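Architecture and fold: a report
Chain residues, written in single-letter form:
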Amino acid sequence: MTAQQPRKHIALVAHDARKADLITWIGANIATLDGNAFWATGTTGQKVRAAHPTLDVTPLKSGPLGGDQQIGAMIAEGRIDLLVFFVDPMTAQPHDVDVKALTRLATLYNIPMACNEATADMIVSSSHFASGYIPRKASFTDYETRTV
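Here's what I pulled together on the structure shown here. Everything numeric here is computed off the predicted structure, so don't read it as measured data.

With that settled, the discussion passes to the overall build of the chain. What the chain contains, in helices and strands, is seven helices and five strands. From first element to last, N terminus to C terminus, the chain shows the α and β order β-α-α-β-α-β-α-β-α-β-α-α. Summarising its shape, the C-alpha atoms of the chain cover approximately 50 × 40 × 25 Å along the three principal directions. Split into buried and exposed, the 148 residues of the chain put 39% on the buried side. Pairs at least 24 apart in sequence give 71% of the contacts found in the chain among residues at least 6 apart.

Turning our attention to the sheet that holds strand β5 (residues 113-114). Reading across the sheet, the five strands line up as β3-β2-β1-β4-β5 and stay open at both edges, with parallel pairing between neighbours. With one partner strand each, in any of the chains shown, β3 (56-59) and β5 form the two edges of the open sheet. As defined by bridge partners, strand β1 (residues 9-14) adjoins strand β4 (residues 82-86) across five bridges and the pair is classed as parallel. Bridging across to β4, Ile10 finds its partner in Leu82. Of the strands in this sheet, β1, β2 (37-40) and β3 touch helix α3 (residues 42-51), which is tilted by about 150° from β3.

Parameters and conventions
- Residues numbered from 1 in each chain as written.
- Predicted model: local features only at pLDDT ≥ 70, side-chain atom pairs only at ≥ 80, totals over all residues.
- Heavy atoms only, no water.
- Helix = DSSP H or I, 4+ residues; strand = E, 2+ residues; numbered from the N terminus.
- Buried < 20%, exposed > 50% of the residue type's maximum accessible area, 1.4 Å probe, protein only.
- Contact = heavy atoms within 4.5 Å.
- Pairing = 2+ DSSP bridges.
- Axes fitted to C-alpha atoms, helices over the stretch in contact; angles between N-to-C directions.

Right, here's the structure in full:
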């Protein structure tokens, strides 16, 4: 990260079968990612810190114990710039409702979200990633002022 590149606030989540893939992806992109701030669900955060000790990673609770919801709250508060969530589409997740809520919030609040390596590569290689690009904020005025 260059001195003029703004520090990004990045959330990292990976289902068990995808944790190694996330670690590998981070390693392949370490020069681009270093210097940013990361929050990650429990085991994912511990594994990322162990594999990449130079990164500023704050582990939260495990996903099934509320970590997905913690990241969702950070998104709703405007504290996350990017969600990298390596999903395992082949395994049922016991906390699927939390996963859906997290991805819904990223969509609702217009946060870039990568659910696989290809999308994550496209995001971090974009000129927007290295700039001060700020996604257009979602407007909820119509919803908030509706007549019920």
